[in-house]
Structures are given as C-alpha cells and as structure tokens.
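# Structural description and commentary
Each chain, letter by letter, is given below.
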Amino acid sequence: MILLLFGPPGSGKGTQARLLSQWLGIPALSTGDMLRAEVSSGSDLGRELSEILQQGRYVSDDLVNTIVIRQLEAAPHGMILDGYPRTADQADFLRRALGERSLEAPVAVHLNVPDDAIIERLGARRICEHCHRVYNLLQRPPQYDGRCDDCTTALTTRADDTPEVIRQRLATYTRVTTPMFVHFPCNIPVNGNQHPDAVFSEIQTVLSRLSDWVSQNTRLGISPTPCTT
Ligand SMILES: [Zn+2]
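Residues numbered from 1 in each chain as written. Predicted model: local features only at pLDDT ≥ 70, side-chain atom pairs only at ≥ 80, totals over all residues. Heavy atoms only, no water.

## Topic: the overall build of the protein
Going by this rule: Note on conventions: DSSP H or I runs of at least 4 residues are helices, E runs of at least 2 residues are strands, and numbering of each starts at the N terminus. Three labels apply to residues, based on accessible area from a 1.4 Å probe with only protein chains included: buried if under 20% of the type maximum, exposed if over 50%, partly exposed otherwise in between. When checking whether two residues touch, look at their non-hydrogen atoms; a contact exists if any pair is within 4.5 Å.
Within the protein, the regular secondary structure consists of eight helices and seven strands. Dimensions along the principal axes, computed over C-alpha positions, put the protein at roughly 60 × 45 × 30 Å. Counting all 229 residues of the protein, 40% fall into the buried class. Restricting to contacts in the protein with at least 6 residues of sequence separation, those with at least 24 account for 65%.

As structure tokens, this is what we get:
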C-alpha cells in the first residue's frame with residue numbers, strides 16, 4: 001500500500017505516520033528522510049544530492065520527484081509518505097509516475113483538524129532552547145511548571161507559534177493542498193481532532209475495510225480501486 005498522509009501543521013501527522021508504519025510493517029518516510037536515505041545509499045544520485053545539500057543549495061522538484069520514485073520502487077510492500085507531495089505539480093508527477101510503472105494508486109488519508117484546535121495545540125507548545133526538548137502544555141506538560149524536566153531551563157514559545165502566524169500557515173496549507181486532491185481520487189478524510197489513539201483507530205478501521213476489498217478484487221483479477229467501496 002502506498003499511503004499519503006496529509007494534514008495541516010500541528011495535526012499530528014508524525015505520530016500517525018509512526019503508528020501506521022508499525023501496524024502496516026512498511027516504512028514511513030518524510031521527504032527529508034528520503035533525501036538522507038539516497039545520500040547514505042552512496043548512489044550517483046546520492047552523491048549529487050550530497051553536494052547540493054553541503055553547499056546549501058535548493059533541491060529542485062525534479063530531483064525530489066526522482067528520489068521519491070526510486071524509494072517507492074525499492075519498497076516492495078509500499079510506503080507511507082509523510083509530507084510528499086507538497087505541491088500540485090508534485091502530486092501530478094506522482095500520479096503519472098506510479099501509473100507508468102504499474103505501481104498501485106496511492107490511498108490518501110487526510111487528518112482534518114479545525115483551525116481553532118490547531119491554534120490551541122500549537123499555542124500550547126513549549127520548547128527548551130537548551131536541550132531542544134518539545135513540550136505541550138495540553139498533552140505533554142513538563143513535570144515542574146515552566147521548566148524543562150531534563151535540564152531545568154525555562155521553557156519558551158517558538159516565534160512562529162503565535163495565533164497570527166499559525167493562521168497564515170494554515171491558510172497556505174489549504175491553498176496549496178486542496179488542488180492536489182484531484183490527483184488522488186482515493187482521498188479519505190479522518191477526524192484528527194481527537195486523542196491520537198482514537199485517530200489511529202479510525203484510520204485502522206478505514207484501511208482494514210479497504211484492504212479486504214482490495215484482496216478480494218485482486219483475486220478476482222479486477223484492478224483495485226479501493227475508494228469505490
Ligand atoms: Zn532542556
């Protein structure tokens with residue numbers, strides 16, 4: 001299964017990617033993870049990429065796309081993509097590239113969280129500037145009020161976690177992401193505004209239904225279009 005995980009910043013995508021990876025037994029990779037994997041593979045492309053990164057140059061869309069496809073081709077049981085595609089162009093590329101290689105169409109899971117809930121979540125985030133540990137006053141508060149459990153440094157708020165900045169990031173996310181969904185007809189919305197365990201269980205239920213359907217129809221020789229359930 002190729003699973004695309006979409007969700008605005010602060011929607012808990014990283015947590016769900018980790019849980020889904022354990023459950024499905026397939027890797028969950030962010031774009032950064034894929035670039036690093038290519039570099040450490042020592043391939044020609046990896047060496048080219050390594051130079052670009054060392055020089056602090058911009059990694060082009062084409063290069064990112066090529067690397068994503070290589071990683072997908074090398075993942076026999078599929079992969080969870082966390083944060084890719086990021087633009088409508090990348091989404092278009094991915095859809096065409098998978099089709100050309102007869103790889104399965106991806107299933108897109110979208111974590112829906114209302115803007116106000118995101119603002120509350122991210123606004124409750126505190127960081128330790130000394131050891132970089134991240135806290136959340138709502139979900140993972142420090143043991144001692146306002147101080148890091150590990151190094152007792154006073155916790156601070158990130159400059160981009162203010163409501164105005166978060167609203168701008170959410171607006172950008174919606175503007176950029178919405179046009180992508182035409183490329184992925186199998187787009188499953190999930191209520192991301194609940195406890196991470198409940199979100200995970202909702203995703204598990206939906207995906208289990210899909211995979212029953214897929215395995216039945218694959219046996220029958222019908223190419224799977226799981227979202228028609
Ligand atoms: Zn600390």
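## Quick look at the packing of aromatic side chains
Short version of the rule: Pairing of aromatic side chains here covers Phe, Tyr and the six-membered ring of Trp, requires ring centres within 6.5 Å, and sorts the geometry by plane angle: under 30 degrees stacked, over 60 edge-to-face, intermediate tilted.
Counted according to the given criterion, the structure contains three aromatic pairs. Measuring from ring centre to ring centre gives 5.2 Å for Phe 6 and Phe 181, while their planes differ by 85°; the resulting arrangement is edge-to-face. In this pair, Phe 6 sits in strand 1 (residues 2–6) while Phe 181 sits in the loop between helix 7 (163–177) and strand 7 (187–191), placing the two residues 175 residues apart along the sequence. For the pair formed by Phe 6 and Phe 181, the shared burial category is buried. Measuring from centroid to centroid gives 6.3 Å for Phe 6 and Phe 184, while their planes differ by 40°, and the two rings are tilted. Residue Phe 6 is located in strand 1, and its partner Phe 184 is located in the loop between helix 7 and strand 7; the two are separated by 178 residues in the primary sequence. Judged on exposure class, the residue Phe 6 and its partner Phe 184 are both buried. An aromatic cluster is built from Phe 6, Phe 181 and Phe 184, whose rings are joined through pairwise contacts.

## Details of the packing of helix 4 (residues 61–73) against helix 5 (residues 88–100)
Where we set the bar: Fitted lines through C-alpha atoms serve as axes, helices being fitted only where they are in contact, and the angles separating the N-to-C directions of these axes extend from 0 to 180 degrees. Helix crossings are classified by the rotation of the near helix relative to the far one: an anticlockwise turn of less than a right angle makes the crossing left-handed, while a clockwise turn makes it right-handed. Under the scheme applied, nonpolar residues are Ala, Val, Leu, Ile, Met, Phe, Trp, Tyr, Cys and Pro; charged residues are Asp, Glu, Lys and Arg; polar residues are all the others, including Gly.
Where helix 4 contacts helix 5, the two axes come as close as 11 Å, and the packing angle between them is 35°. Our pair here, helix 4 against helix 5, has a crossing hand that is right-handed. Two secondary-structure elements touch here, helix 4 through Asp 61, Val 64, Asn 65, Ile 69 and Leu 72 and helix 5 through Asp 89, Gln 90, Phe 93, Leu 94, Ala 97 and Leu 98. Partitioning the contact of helix 4 with helix 5 into residue classes produces seven nonpolar, two polar and two charged.

## Here we look at the coordination of the zinc ion
Basically, it comes down to this: Donor selection uses N, O and S atoms within 2.8 Å of the metal (3.2 Å for Na, K and Ca). Since no water is included, sites may look incomplete.
Those donors, Cys 128 (SG), Cys 131 (SG), Cys 148 (SG) and Cys 151 (SG), are the protein atoms that reach the zinc ion, and they lie 2.2 to 2.3 Å from it. Going along the chain, you hit the donors of the zinc ion in the pattern C-x2-C-x16-C-x2-C. Placement of Cys 128 in the loop between strand 5 (125–127) and strand 6 (134–136) and of Cys 148 in the loop between strand 6 and helix 7 is noted, with a sequence separation of 20 residues between them.

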